[in-house]
Amino acid sequence: MIRSLKKTNHPCACALCLAAAMFFLSLFSVPAFALDARVEKAIEIAIAVANDDTHGYASDSSSRQGDPDFDCSAFVCHAFYRGGFDTIYEWANSRNMIDYFRDAGFEVITGINFSTSAELKRGDVLWRSGHTEIYIGDNKLVGAHSDTPTQWGPNRSPAPGDQGDEITVEKYYNNGWTTVLRYKEEEKPPVPAYKPGDVNGDDAVGADDARLALRRSVDLETYAEGTAQFLACDVNKDGAVGADDARAILRASVGLEELS
């Protein structure tokens, strides 16, 4: 519950203005993504590239890294790199990418029955010698592959962009896959007790907590629902984090509000 205190000419009014200025000035810095959001971000990026016909397939080294085209391994590594994993897509290829993904926290899994997608999980990277794609769930894959005959002509990449169905989301098929690269989710500890408004966990409610709550309200911070930080932000307990929560936290930080 939030209780507003009686309005007076409070001596902390100047502090309120100063604190407001502080967190608005620092609001728009580089966004931070939580660890458990990176695979979803990679999938989102891969699908967006597949839906953008300015990107096509190329196998030559000068244009296979998204400028504007990709080959299969550069496409997969680019998506996970943009999602937040250290997959070094500029130098990756289907021969060395397994090492990059292993170093980034992925398990290398063999022995899966690839005749159907039943044993696959959303975000799995499917690999065989010479080709790789991403399983995105719902019996679908996204990947870069050449289906335009002229791709294999003298110039390897006769024109930039999608000259056919070169980067696509499509129904799952078994392309001779032998290996799955699967991110190993860390076990999440139980949600600890939290103090409403204490977003940074320093056992006090201050202007920095209001800044973090406001950043979460516009998706510049990622606190998953149900975590201690999310619950500390959601001081009005409506199941969401908004500017009203940040305002209440800021008021509490200078004694103009009580949080419970």
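Note that the structure is a prediction, hence the values are computed from the model and not measured.

So, the pairing of strand β7 (residues 179–183)
Line of reasoning, step 1. Taken across its five residues, β7 has five buried, putting it largely inside the fold.
Line of reasoning, step 2. Residues T179, L181 and Y183 of β7 are buried on one face, and the alternating residues V180 and R182, pointing to the opposite face, are buried as well.
Line of reasoning, step 3. Of the pairings in the sheet, the one linking strand β2 (residues 106–109) to β7 comprises four bridges and is antiparallel in character. Its bridge partner lying in β7, E107 is registered against R182.
Line of reasoning, step 4. Pairing of strand β3 (residues 125–128) with β7, which is carried by three bridges, proceeds in the antiparallel orientation. Bridging from a neighbouring strand, L126 pairs with V180 of β7.

A few points about the sheet that holds β3
Line of reasoning, step 1. Ordered by their spatial adjacency, six strands build an open sheet running β2-β7-β3-β4-β5-β6, and the pairing between neighbours is antiparallel. Each end of this open sheet is capped by a strand with a single partner; those strands are β2 and β6 (167–171). Averaged over neighbouring strand pairs, the angle between their axes works out to 25 degrees when direction is ignored.
Line of reasoning, step 2. For β3 and strand β4 (residues 131–137), the ladder comprises four bridges, and the chain directions are antiparallel. Its bridge partner lying in β4, V125 is registered against I134.
Line of reasoning, step 3. Where helix α3 (residues 72–83) meets the sheet, its contacts fall on β2, β3, β4, β5 (140–144) and β6, and the angle it forms with β4 comes to roughly 45 degrees.

Points about the confidence of the model for the protein
Low pLDDT marks stretches whose predicted atomic positions should not be read closely.
Line of reasoning, step 1. The share of residues in the protein with pLDDT of 70 or more is 74%, and the mean pLDDT across the chain is 80.
Line of reasoning, step 2. Here residues 1–35 is a poorly scored stretch, pLDDT under 50, and it has 57 contacts once near neighbours within four places are set aside; other chains count.

Let's talk about helix α2 (residues 38–50)
Line of reasoning, step 1. The end-to-end C-alpha distance of α2 is 18 Å, a good match for the 18 Å that 13 residues give at a rise of 1.5 Å each.
Line of reasoning, step 2. Residues of α2 that are buried include every one of R38, V39, A42, I43, I45, A46, V49 and A50, and no others. Viewed end-on, α2 has its buried residues packed into an arc of 165 degrees, placing them on one side of the element.
Line of reasoning, step 3. Looking at the buried positions of α2, the neighbouring elements they touch are α3, β4, β5, β6 and β7.

Some remarks on the packing of aromatic side chains
Line of reasoning, step 1. Taken as a whole and judged by the stated rule, the model has 10 aromatic pairs.
Line of reasoning, step 2. Taking the centre distance of 5.1 Å and the plane angle of 65 degrees together, the rings of F85 and Y183 count as edge-to-face. Of this pair, F85 sits in the loop between α3 and α4 (97–103) while Y183 sits in strand β7, and the two are 98 residues apart along the sequence.
Line of reasoning, step 3. Residue classification places F85 among the buried residues on the basis of a relative accessible area of 2%.
Line of reasoning, step 4. Since its relative accessible area comes to 11%, Y183 is described here as buried.
Line of reasoning, step 5. Three or more aromatic residues joined by ring pairs form one cluster here, namely F80, F85, F101, F106 and Y183.
Line of reasoning, step 6. The positively charged end of R38 is found above the aromatic ring belonging to F85, 4.0 Å away from the centroid.

So, how was this worked out
- Residues numbered from 1 in each chain as written.
- Predicted model: local features only at pLDDT ≥ 70, side-chain atom pairs only at ≥ 80, totals over all residues.
- Heavy atoms only, no water.
- Buried < 20%, exposed > 50% of the residue type's maximum accessible area, 1.4 Å probe, protein only.
- Helix = DSSP H or I, 4+ residues; strand = E, 2+ residues; numbered from the N terminus.
- Pairing = 2+ DSSP bridges.
- Axes fitted to C-alpha atoms, helices over the stretch in contact; angles between N-to-C directions.
- Contact = heavy atoms within 4.5 Å.
- pLDDT = per-residue confidence, 0-100.
- Expected span 1.5 Å × (residues − 1).
- Arc of directions from axis to C-beta.
- Phe/Tyr/Trp six-rings, centres within 6.5 Å; stacked < 30°, edge-to-face > 60°.
- Lys NZ or Arg CZ within 6 Å of the ring centre and 35° of its normal.

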